[in-house]
Amino acid sequence: MNRFLPRVLLAPAMLTLFLWMIVPLVMTIYFSVIRYNLLQPDQTGFVGLDNYVYFMTDPSFGTAIMNTLLLLGSVILITVIGGIMLALLVDAPFPGRNIVRILLISPFFVIPTVNALLWKHMMMNPIYGVLAQVWRYFGATPVDWLTNWPLWSVILIVTWQWLPFATLIFITALQSMDREQLEASRMDGANYLQQLRYLYIPHLGRSMAVVVMIEMIFLLSVFAEIYTTTSGGPGDASTNLAFLIFKQALLNFDAGAASAGALLAVVLANIAGIFLIRMVGKNLDK
């Protein structure tokens, strides 16, 4: 009875959560194996794996995969390294440290669409943007970032928003550092680089694993920044997997191919998640 009653009380919530997750998944699987194009409603029927073949043979598919991997790798690398540097910078006490910490983490709370519009019009505009003014100040020709460097512009925009998240995690982790151990290392003659290598970095190992895992999950679905700034172009230069699915679903009105692409994205996310969970587990066991 002691075990049965809690399970009965939890059953409605668990059932609701299960239906909330399983119904969209089942519908996506169903649409992925039938012909379902809104422009051709009379042509329906079971097509098996044709939607998957069609999506994977799309000329933009290879480019989208490479752009997705490049965006993931670049943003994670920059945010981890930059987050550690910023966390170490504000770890030591100084006047106004709390205000600086608040300012450092504030970009993370900006809505992605607002973030993209801010960078598109205020920072990267080749005529009146801040970066254009800096270029002119040094006598250089302003760069049209979103045209000449579309993917790297998106990477910069996304990095600016996710860097505060990594910094916040690392700042929190540094609060649990053993200060007596740091003081003992100074007395033994260890310089800052040695402390960084043998004390700080090992201590931040778990935090780095958590940052990589969380960012990997969310960055696979980056869409608002691309849609607002480059619309996946020029051509496919800044198209990632999420934006390619959007193009199939809403621009081509092909719900079948879009569903197949969504399931491929789920498979890739789960493969990445398995390795990340193992990595996090190893760090937590240390």
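Every chain's residues receive numbers from 1 upward, in the order its sequence appears when written. Residues qualify for local features only when their pLDDT is at least 70, as the model is predicted, and side-chain atom pairs are given and counted only at 80 or more; totals for whole chains, interfaces and linings, by contrast, use all residues. Side-chain metrics in this entry use all non-hydrogen atoms of the structure; hydrogen atoms and water are not considered.

A.B. asks: If you had to explain the pattern of salt bridges to someone new, which residues and values would you point to?
C.D. replies: Salt bridge, as used here, is a side-chain nitrogen of Lys or Arg placed within 4 Å of a carboxyl oxygen of Asp or Glu. Enumeration over the complete set of coordinates arrives at two salt bridges. Note that R186 and E183 form a salt bridge whose closest N and O atoms lie 3.0 Å from each other. Here E183 and R186 lie together in helix α9 (residues 179–187), a separation of three residues that amounts to about one turn. Look at R186 and you get partly exposed, because its relative accessible area is 43%. The partner of K247 in a salt bridge is D236, with the nearest N and O atoms 3.2 Å apart. One end of the pair, K247, is in helix α13 (residues 241–251); the other, D236, is in the loop between α12 (224–229) and α13, with eleven residues separating them in the sequence. Labels follow the DSSP assignment, with helices taken as runs of H or I lasting at least four residues and strands as runs of E lasting at least two, numbered in each case from the N terminus. Burial classification: accessible surface area is computed with a 1.4 Å probe over protein chains only, and a residue below 20% of its type maximum counts as buried, one above 50% as exposed, and the rest as partly exposed.

A.B. asks: Can you break down unusual backbone geometry residue by residue, with the values?
C.D. replies: With omega at -5°, the peptide bond leading from G233 into P234 counts as cis. Relative to the helices and strands, P234 is located in the loop between α12 and α13. Backbone geometry places S231, a non-glycine residue, at a positive phi of 55°. Within the fold, S231 resides in the loop between α12 and α13.

A.B. asks: Pulling in residues and values, what's your account of the side chain of N51?
C.D. replies: Within the element layout of this structure, N51 appears in helix α2 (residues 50–56). Throughout, a contact is declared for two residues whenever any of their heavy atoms are within 4.5 Å. With sequence-adjacent residues up to four places away left out, N51 is seen in contact with F31, S32, V33, I34, G256, A257 and A260.

A.B. asks: So what about the nonpolar core? Which residues, and what values?
C.D. replies: The biggest cluster of nonpolar side chains holds 34 residues, and the ones touching the most others in it are V80, I84, V158, F170, L174, L204 and L219. Counting residues per element, this core draws most heavily on helix α8 (residues 150–174), which supplies eleven residues. Among residues more than four places away in sequence, those in contact with L219 are L71, L72, V75, I76, V158 and W162. What makes a nonpolar core is a set of buried Ala, Val, Leu, Ile, Met, Phe, Trp, Tyr and Cys residues whose side-chain atoms join them at distances within 4.5 Å. Within the second largest apolar cluster, eleven residues are counted, among which are A64, L244, I245 and L264.

A.B. asks: So, the side chain of E215: which residues are in play, and what are the values?
C.D. replies: Mapped onto the elements, E215 comes out in helix α11 (residues 205–219). Within this scheme the basic residues Lys and Arg register as positive and the acidic residues Asp and Glu register as negative, but His and the chain ends are omitted. No salt bridge is formed by the buried E215, whose closest oppositely charged neighbour, R101, lies at an N-O distance of 18 Å. For E215, the residues in contact, after removing those within four places along its chain, are V75, I76, T79, W162, F165 and A166.

A.B. asks: A description of a nonpolar patch on the surface should follow, citing residues and the corresponding values.
C.D. replies: Together, L15, F18, L19, V23 and M27 line one region of the surface with nonpolar side chains, adding up to about 470 Å² of accessible area. Counting through the fold element by element, L19 comes out in helix α1 (residues 4–32). Assessed through its relative accessible area of 43%, L19 is described here as partly exposed. Patches here are clusters of residues that have more than 30% relative accessible area and form no salt bridge, with a 9 Å joining cutoff for like charges and a 5 Å cutoff for nonpolar side chains (Val, Leu, Ile, Met, Phe, Trp, Tyr). Only the protein chains shown count as cover for residues, and all accessible areas are computed by the Shrake-Rupley method using a 1.4 Å probe.

A.B. asks: Account for the packing of aromatic side chains, with residues named and values stated.
C.D. replies: Stacked, edge-to-face and tilted are the three classes for Phe, Tyr and Trp ring pairs, Trp counted by its six-membered ring, which pair at centre distances within 6.5 Å; planes under 30 degrees apart are stacked, over 60 edge-to-face, the rest tilted. Counted by the stated rule, this structure contains 17 aromatic pairs. Measuring from centroid to centroid gives 5.5 Å for Y227 and F246, while their planes differ by 80°, and the two rings are edge-to-face. One end of the pair, Y227, is in helix α12; the other, F246, is in helix α13, and 19 residues separate them in sequence. You can call Y227 partly exposed: its relative accessible area is 45%. One aromatic cluster is present, built from ring pairs that chain together F108, F109, W162, F165 and F218.

A.B. asks: Mind laying out the environment of E180, listing which residues take part and the relevant values?
C.D. replies: By the element assignment, E180 lies in helix α9. In this structure E180 comes out as exposed when scored by relative accessible area, which is 65%. Along the primary structure E180 and A92 are separated by 88 residues, whereas in three dimensions their C-alpha atoms are 15 Å apart.

A.B. asks: Lay out α1 with the relevant residues and their values.
C.D. replies: The end-to-end C-alpha separation of α1 is 40 Å, in line with the 42 Å expected for 29 residues at 1.5 Å each. Two axes enter the definition of the bend at a residue: one is fitted to the seven residues ending there, the other to the seven starting there, and the bend is the angle between them. A bend of about 40° at A11 is the largest found in α1, and the proline P12 appears one to four places after it. Between the first and last residue of a helix there are one fewer steps than residues, each counted as 1.5 Å, and that sum is the expected span.

A.B. asks: How would you explain the environment of N252 if you had to name every residue and give the values?
C.D. replies: Here N252 lies in the loop between α13 and α14 (255–285). For N252, a relative accessible area of 36% gives the class partly exposed. Taking the C-alpha atoms as reference points, N252 and L39, 213 residues apart in sequence, are found 8.3 Å from one another. Setting aside residues no more than four positions away along its own chain, N252 makes contact with N37, L39 and K247.

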